[in-house]
Amino acid sequence: MTSQAFYEELQGVLKKYPVKQSAVLEALYILQRDKNYLSDEDIHTAAEALEMTVTEVQAIVGFYSLFRRQPTGKYLIQVCTDLPCALRGADAFYRRLCERLGLPPEGGTTADGLFTVEEVVCLAACDRAPVAQINLQYFEHLTDQAMDAVIARLREQG
Amino acid sequence: MDVTLTIDNREVTVPAGTLIVEAARRIGIEIPVFCYHPKMLPVGMCRMCLVTVGLPVVNRETGRPEVDAAGQRVIRWLPKPVTACTEPVSEGMVVITDSAQVAADRKGILEFLLTSHPLDCPICDKGGECPLQDLTYRHSPGVSRFDIASKYHAAKAYPLGDLIVLDRERCILCARCTRFQQEIADDPVLAIENRGRDAMIVSYSEPAFNSHYSGNTTDICPVGALTTRDFRFHARPWELEHTASVCNHCGVGCNIVLDTRLGRIVRVMPRQNELVNEVWICDKGRFAHHFHASSQRLTVPLMRQGGRMVEVSWDEALQHVATRLRAICEQHGAEAIGGIAGARLPNEDLYLFQKLLRQVIGTPNVDYRVGLSAGFEDDIVAEVGVACGTDLGRVGCGTAILVLGSDLDEEAPILYLRVAGAARHGATLINAGGRATKLDQRATHVLRYRYGSATHLVLGLLHVVLHETNEQGRALTGNEIVPGRVRGLAELRAHVSEWTPERVATISGVPAEAIRAAAHAFAAAQNGIIIYGGEAGNHPALRRAIANLAIVTGFVGRPNNGVIAVLAHANSRGAEDLGIVPHRLPGYAPAERHGLNATEMVQGGVRALLVAGADPFAISARQVNLEFLVVQELFMSATAQQADVVLPAVAPGERSGSYTNLERRVQYFHPALLPPGMARPDWSILRHLAVLLGAGGWDYATPAAVFEEMARTIPLYANMSYERLTQPVEISRHMAHYIYAGMSYQSEAYEGLQWPTLAEQAMHTFVLEWQAPPPDPPTRGVVLVAPRVLYDGGTLLGQTQLLASHVVTSHVAVSPQDAAVWGLADGQRVRVAVCAREIALPCRVNPALPTGVIAIPRNLANNVAEMLLGEGQLFSPAGLIVEKQQGS
């Protein structure tokens, strides 16, 4: 997003808050929205726009795990592999998913930049494992076939 | 309102709102803490202070406490332990801190903290004065149930900035450092990033940990996580000797401890004085002590012989000086001799300096106003200075502070903390200056005036105070002393009637409504303080206007009321008090015979010049046109290089003496070190010289004897003695963990003594003199301003390698708007010319500057600002040419 577009959108957001600094989460959300991660430049942009130090903004970004600081695929696929999910086969499911996407077993981003796959701890859906969160949407009771269908659909969407 | 509660079966009555931890401290019960610090808001992060709390059961119908069969109050115990650092007391509360349950809670917290804390106390700088170490000894289980192999590991020597090193393993995430930076220092450049085991202290500012106060975080760090590069691995705390001293780097007069080992200073720590620096010092005060141990120090008297400087004995050097002075005096009269003393010299030395010149030699030519002291002086504080008992650390709601033309964060950092703290506690803060400064963020009113119009601005404020009424229709003048003790009110009211806010607005550029609002807010307060500095200009009319404003608002003669001048050096106030100016004698007595000022002396007004602790020829870049020049110095300064005789002086840490700070507080400092070589204290050199010149009665054996004479002869210092200056004060420091995170030293706390202003005398009558302001500054063209910066090119600071990268290099600061117009970017060279003098320097775009103002800091290497503007000028007249240098 261009910095002008950001500033324009931010003006509307600022109206909701008594002090500028209170808008920091929403400002960061806007900056991350289009490309799924926050660059160093984004952190500086937010700091400048909200009259905060870079350190303060970075501390907030670091606290919230939904803010990402590394380039991320258009679709972020998070699979829980913690104990209850692993008992339902989520760890093996995760390794196979990585393999089919041509990624190393620990996950990563596909060469086309479309998918980032990562293991997470707890998506609060143990009883429906294997479960994946793709951007903001949950996919439950997954099998390899079901996951392939989802991935194919997302590939089509581009 | 007071509240009575019971802690460990003992009753204690404290003001409502007191935290349990403080109430316990009142009766000598120490509740262990890590994150809690009495200077900061409580957060309850470390959980070390868990206690058991019970509240009396109140009968809902009667509203009375219920009692059991035995007549005892029924207590309802809270189901979980409570953090004593966040919980305020309440009536009838019962607190238990010494039960098996509380002991188990403390054990648990410590065992948990130690799962991530390394066992490297033997090589840790904090070892020996570490709260975690102490509290572990006292409260921990002694043996951990956790496997040592699974201990948390992280970066051991992470540079948090170039002064502070962070050990991430040792950090217990108490957030004292981040809170200090945010709440106290106003530099929120430290933060905790991430969560849980990944949480760590970070700084992303450019440069990292960019703050003048960073060293304080190492003092309050309750573990060895934050250490200074200066002290790191240099000594164990128990090897140190502690000497109570006073910082000599600015006029605030922060109380410090010189920690020495084997005759060298290894660290400087703050010493508590709630009336001056509380428990803080700035990084310059903490780190710039290396001049004491510099290899460049002068250690032997030097005399010019055949064009070369040769080492001579003290006898030979002083005899030569006496002979030459006597000869010049006989041949040309005493007035052919003059003296310039630096405002870093202690009171005793300055007093003897002027006494030698005036009484022994018989010349009125005495001055201290060279270098940073040129171009800003003060003579109103003697009448309207802040009254005795003023404590900026305790003012808040009901107090108004007007800061005029001073960048406190650079000029007097600890004063910044105290003024910002007052604003944080509800004080009205009016920050009036020619450019944006850090204090703006705390200000309730920001007045941005055109350089050269500060006097006009004050007249505008005076106009409002004398001609307008508040919403209730009452006058804005202070009714305590006006009109009873004031003369000339009607005349002043008539004089300022033409200085309406509207007229002042056209001259100063400050909107009339802003002037009006600030004046109303200022006058409406119960207490008022005016702090003014060099960027307001050095015009007598300015000082008169400020004094008049303080008087008509009634903000004089009472504690927390009056004026503070932000003078440059550690003892600038003392220099003014002791008459180190050619027109005044000690104690603000007018001199019958006015002597030459420093500029006139160095421009050839005298044939022989005595210089002590000053470098007048560094800045003037003038030819030394003197028959005889004597210099008392620590270093071979530019002036010393021109001298006929150079006498090695001792540094503050090597001697005793007293300084008078900005608030007129006289403070004594002890010697911590032996002088190098043959160096002698300035007062002693002056004494010898006086004796050789035939003076009688100059038999002072110590600075104390000099101070005794000062107290006897100068009314301001009457009732003062070293004994009274070092009267120990009752500061509840016996539980050092609360304030100093385990500082091991047991240094005395003194508060010093303030001399009373004229306004404090009940019989004093205030005369409101009128002085016309200087001509209006031009409203067009570019102004060059020479602000003071903390890390300047000063000789003493230059001896500290650690701060070398912080020293400001010569540059021209330009506003972004002007940079765009002139086509300038950072680093490009700018040519600045004024009155046939010109210079080319790299440009720095600085958004703090308004359009039409460029800045070159004062006292940098090569004294570029002084070369352009002249020594005593802090901002330029019109006629400035600024352009991008061709080919850059």
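Given the structure is predicted, the values throughout are model-derived calculations rather than measurements. (Residues numbered from 1 in each chain as written. Chains lettered and ligands numbered in written order. Predicted model: local features only at pLDDT ≥ 70, side-chain atom pairs only at ≥ 80, totals over all residues. Heavy atoms only, no water.)

**Here we look at the overall build of chain B**
No. 1: If you tally the helices and strands in chain B, you get 27 helices and 39 strands.
No. 2: Taking 2.2 N^0.38 as the reference for a compact globule, 888 residues should give roughly 29 Å; the C-alpha atoms of chain B span a radius of gyration of 29 Å, in line with that estimate.
No. 3: C-alpha atoms of chain B, sized along the principal axes, occupy 100 × 70 × 65 Å.
No. 4: The buried share of chain B, taken over its 888 residues, is 62%.
No. 5: Expressed as a percentage of contacts within chain B between residues at least 6 apart in sequence, the contacts between residues at least 24 apart total 71%.
No. 6: Across chain B, the mean location of the 79 positive side-chain charges is 2 Å away from that of the 89 negative side-chain charges. (Helix = DSSP H or I, 4+ residues; strand = E, 2+ residues; numbered from the N terminus. Rg over C-alpha atoms; globule rule 2.2 N^0.38 Å. Buried < 20%, exposed > 50% of the residue type's maximum accessible area, 1.4 Å probe, protein only. Contact = heavy atoms within 4.5 Å. Lys, Arg positive; Asp, Glu negative; His and termini not counted. Charge placed at Lys NZ, Arg CZ, Asp CG, Glu CD.)

**Comments concerning the domain arrangement of chain A**
No. 1: Annotation of chain A at the domain level lists domain 1 (3-63) and domain 2 (75-157).
No. 2: Here domain 1 of chain A and domain 2 of chain A have C-alpha centroids that lie 30 Å from each other. (Domains from an automatic or database assignment.)

**Some words on the domain arrangement of chain B**
No. 1: What the domain assignment lists for chain B is domain 1 (2-98), domain 2 (147-287), domain 3 (302-372 + 572-656 + 675-700), domain 4 (381-565) and domain 5 (783-884).
No. 2: Relative to domain 3 of chain B, the C-alpha centre of domain 2 of chain B lies at a distance of 40 Å.

**Considering the interface of chain B and chain A**
No. 1: Each side of the interface is counted separately: chain B has 13 residues, and chain A has 10 residues.
No. 2: Contact between chain B and chain A buries roughly 880 Å² in total, counting both sides, with carbon and sulfur atoms accounting for 58%.
No. 3: If you sort the residues of chain B by the area they bury against chain A, Pro188, Arg195 and Tyr204 of chain B come out on top, with a joint share of 53%.
No. 4: Counting the contacts that link chain B with chain A gives 0 salt bridges.
No. 5: Across the chain B-chain A interface, the total number found is 7 residue pairs in polar contact (both at pLDDT 80 or more). (Buried area = accessible area lost by both parts, 1.4 Å probe. Salt bridge = Lys/Arg side-chain N within 4 Å of Asp/Glu carboxyl O. Polar contact = N/O pair within 3.5 Å; in protein donor to acceptor, adjacent residues only side chain to side chain.)

**Examining the packing of helix H12 (residues 454-467) of chain B against helix H14 (residues 501-508) of chain B**
Residue and element names in this part refer to chain B.
No. 1: With their axes 9 Å apart at the nearest point, H12 and H14 run at an angle of 165° to one another. For the element pair H12 / H14, the angle class is roughly antiparallel. Where H12 crosses over H14, the handedness of that crossing is left-handed. Residue-level contacts link His456, Leu457, Gly460, His463 and Val464 of H12 to Pro501, Val504 and Ile507 of H14.
No. 2: Split by residue class, the contact of H12 with H14 holds 5 nonpolar, 3 polar and no charged. (Axes fitted to C-alpha atoms, helices over the stretch in contact; angles between N-to-C directions. Parallel < 35°, antiparallel > 145°, perpendicular 65-115°, else oblique. Left-handed = near helix turned anticlockwise from the far one by under 90°. Nonpolar A, V, L, I, M, F, W, Y, C, P; charged D, E, K, R; others polar.)

**Some remarks on the sheet that holds strand S2 (residues 108-109) of chain A**
Backbone-to-backbone hydrogen bonds join strands into a sheet, with any given pair of strands oriented parallel or antiparallel.
Residue and element names in this part refer to chain A.
No. 1: Here we have 5 strands laid out as an open sheet, ordered S2-S3-S1-S4-S5, and mixed in their pairing. Strands at the two margins of the open sheet, each flanked by one partner only, are S2 and strand S5 (137-139).
No. 2: One ladder, built from 6 bridges, connects strand S1 (residues 75-80) with strand S3 (residues 115-120); its direction is parallel. From the neighbouring strand, Cys80 faces S3, where its bridge partner is Val120. (Pairing = 2+ DSSP bridges.)

**Some details on the pattern of salt bridges**
No. 1: Taken as a whole and assessed by the stated rule, the structure comprises 54 salt bridges over all chains.
No. 2: Residue Lys35 of chain A pairs with Asp42 of chain A through a salt bridge whose shortest N-O separation is 2.5 Å.
No. 3: Close ionic contact of Lys156 of chain B with Asp120 of chain B constitutes a salt bridge, the shortest N to O distance being 2.5 Å. Residue Lys156 of chain B is found in the loop between helix H3 (131-139) and strand S7 (158-159), and its partner Asp120 of chain B is found in the loop between helix H2 (100-114) and H3; the two are separated by 36 residues along the sequence.
No. 4: Residue class for Lys156 of chain B comes out partly exposed when judged on its relative accessible area of 32%.
No. 5: Several salt bridges converge on common partners, so that one network encompasses Lys39, Glu274, Glu278, Asp391, Arg394 and Arg418 of chain B.

**Points about the sheet that holds strand S36 (residues 829-834) of chain B**
Residue and element names in this part refer to chain B.
No. 1: The 6 strands lie next to each other as S34-S38-S35-S37-S36-S39, forming an open sheet whose pairing is mixed. With one partner strand each, in any of the chains shown, strand S34 (783-785) and strand S39 (880-884) form the two edges of the open sheet. Each adjacent strand pair in this sheet contributes to an overall mean axis angle of 35°, direction not counted.
No. 2: Direction of pairing for S36 relative to S39: antiparallel, over a ladder of 5 bridges. Its bridge partner being in S39, Ala833 is matched across the sheet by Ile881.

**Here we look at a nonpolar patch on the surface**
No. 1: A contiguous nonpolar surface patch, about 260 Å² in accessible area, is contributed by Leu25, Phe63 and Tyr64 of chain A.
No. 2: Following the sequence through the fold, Phe63 of chain A ends up in helix H4 (residues 54-63). (Patch = residues over 30% accessible without salt bridge, like charges linked within 9 Å, V, L, I, M, F, W, Y side chains within 5 Å. Areas by Shrake-Rupley, 256 points an atom, 1.4 Å probe, with all protein chains shown as cover.)

**A word on the packing of aromatic side chains**
Residue and element names in this part refer to chain B.
No. 1: For the structure on display, the rule yields 15 aromatic pairs over all chains.
No. 2: Ring centres of Phe376 and Tyr532 lie 5.4 Å apart, and the angle between their planes is 80°; on these two criteria the pair is classed as edge-to-face. With Phe376 in the loop between strand S18 (366-367) and helix H9 (381-384) and Tyr532 in strand S23 (residues 527-532), this pair connects stretches of sequence that are 156 residues apart.
No. 3: Taking relative accessible area as the criterion, Phe376 reaches 6% and is therefore assigned buried. (Phe/Tyr/Trp six-rings, centres within 6.5 Å; stacked < 30°, edge-to-face > 60°.)

**So, the nonpolar core**
All names here are of chain B.
No. 1: Counting 159 residues, the largest nonpolar core has Leu404, Leu415, Ile531 and Tyr717 as its most contacted members.
No. 2: The leading source of residues in this core is H12, at 9 residues.
No. 3: Sequence-distant contacts of Ile531, that is, excluding residues within four places in its chain, are made with Ile401, Leu402, Val403, Leu404, Leu408, Leu415, Val419, Ile564 and Val566.
No. 4: Cys130, Leu135, Leu797 and Leu803 belong to the second largest nonpolar core, which has 33 residues in total. (Core = buried A, V, L, I, M, F, W, Y, C linked by side-chain atoms within 4.5 Å.)

**Considerations on the confidence of the model for chain B**
Residue and element names in this part refer to chain B.
No. 1: For chain B, the average pLDDT comes to 93, and 97% of its residues sit at 70 or higher.
No. 2: Within the model, pLDDT remains below 50 along residues 733-738, and this stretch shows 27 contacts once partners closer than five positions in the same chain are excluded.
No. 3: Two numbers describe this predicted complex: its pTM, 0.93, and its ipTM, 0.81. (pLDDT = per-residue confidence, 0-100.)

**Observations regarding the side chain of Gln133 of chain B**
No. 1: With respect to the element layout, Gln133 of chain B can be found in helix H3.
No. 2: When neighbours within four sequence positions are excluded, Gln133 of chain B is seen to be in contact with Cys121, Lys126, Gly127 and Gly128 of chain B.

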